[in-house]
Amino acid sequence: MPTELPYAADAEVSLSYDELEVLRLQYQKELSQAHITVQTKFNYAWGLVKSPMREHQVEGVRLLQEIYRSEPTRRRECLYYLALGHYKMGNYEEAKKFNSLLMDKEPSNMQAQSLATLIDKKVTQEGYIGMALTGGVVAVGAILVAGIIRRATRK
């Protein structure tokens, strides 16, 4: 049985410029007509969240949050991409919150399980980096204090 879950590719794979442009143009067309369908908004948000560009991710999450708030029947499908968007932006607590909501509704959802694994790995990695930085600051502080003490005892 493989240890890696198969659905984590969403976190790394983005649409091509042309694919995202098709979604953007459809969204802009409907926006100019003052009627954006939920599906068009969702499709555009989905493409933006998958983008490697942070400003796209932010806009995608914003659109998904609008759908989540205004369309109760579409909440479940928004949860994964809200979690993914927050994950890609480094907002791991928000990502975990949305992903947990999805897993509460669908405990066997492989995408959510895979994303939970990615989130946990990043949180752990960030924790190690934080500990290393803290350790470095403590070491530098100790060296400075030792130097001050050494100078004080020489006088």
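Preceding this section is the structure that the text describes.
Residues numbered from 1 in each chain as written. Predicted model: local features only at pLDDT ≥ 70, side-chain atom pairs only at ≥ 80, totals over all residues. Heavy atoms only, no water.

Caption draft 1: Representation of the nonpolar core in the model. In terms of nonpolar packing, the biggest core is built from 30 residues, with Tyr44, Leu64, Leu84, Tyr87 and Leu115 touching the most fellow members. Residue assignment for this core shows that the elements contributing at least two residues are α1 (17–32), α2 (38–50), α3 (54–70), α4 (75–89), α5 (92–105) and α6 (110–154). Top contributing element to this core by residue count: α4, with nine residues. Every residue in contact with Leu115, bar those within four places of it in the chain, is listed here: Tyr80, Ala83, Leu84, Tyr87 and Asn99. (Core = buried A, V, L, I, M, F, W, Y, C linked by side-chain atoms within 4.5 Å. Buried < 20%, exposed > 50% of the residue type's maximum accessible area, 1.4 Å probe, protein only. Helix = DSSP H or I, 4+ residues; strand = E, 2+ residues; numbered from the N terminus. Contact = heavy atoms within 4.5 Å.)

Caption draft 2: Molecular detail of α1. Here α1 contains 16 residues, and its C-alpha end-to-end distance of 22 Å stays within 8% of the 22 Å for a straight helix at 1.5 Å per residue. The set of residues buried in α1 consists of Leu20, Glu21, Leu23, Tyr27 and Glu30. Following α1 by one or two positions, Ala34 adopts a phi angle in the positive range, close to 60°. (Expected span 1.5 Å × (residues − 1).)

Caption draft 3: Representation of the packing of α2 against α3 within the structure. The geometry of α2 relative to α3 is characterised by a closest axis approach of 7 Å and an angle of 150° between their N-to-C directions. Put simply, α2 runs roughly antiparallel to α3. α2 and α3 meet at a crossing whose hand is left-handed. Residue-level contacts link Val38, Lys41, Phe42, Tyr44, Ala45, Leu48 and Val49 of α2 to His56, Gln57, Glu59, Gly60, Val61, Leu63, Leu64, Glu66 and Ile67 of α3. Of the residues belonging to the contact of α2 with α3, the class tally is ten nonpolar, three polar and three charged. (Axes fitted to C-alpha atoms, helices over the stretch in contact; angles between N-to-C directions. Parallel < 35°, antiparallel > 145°, perpendicular 65-115°, else oblique. Left-handed = near helix turned anticlockwise from the far one by under 90°. Nonpolar A, V, L, I, M, F, W, Y, C, P; charged D, E, K, R; others polar.)

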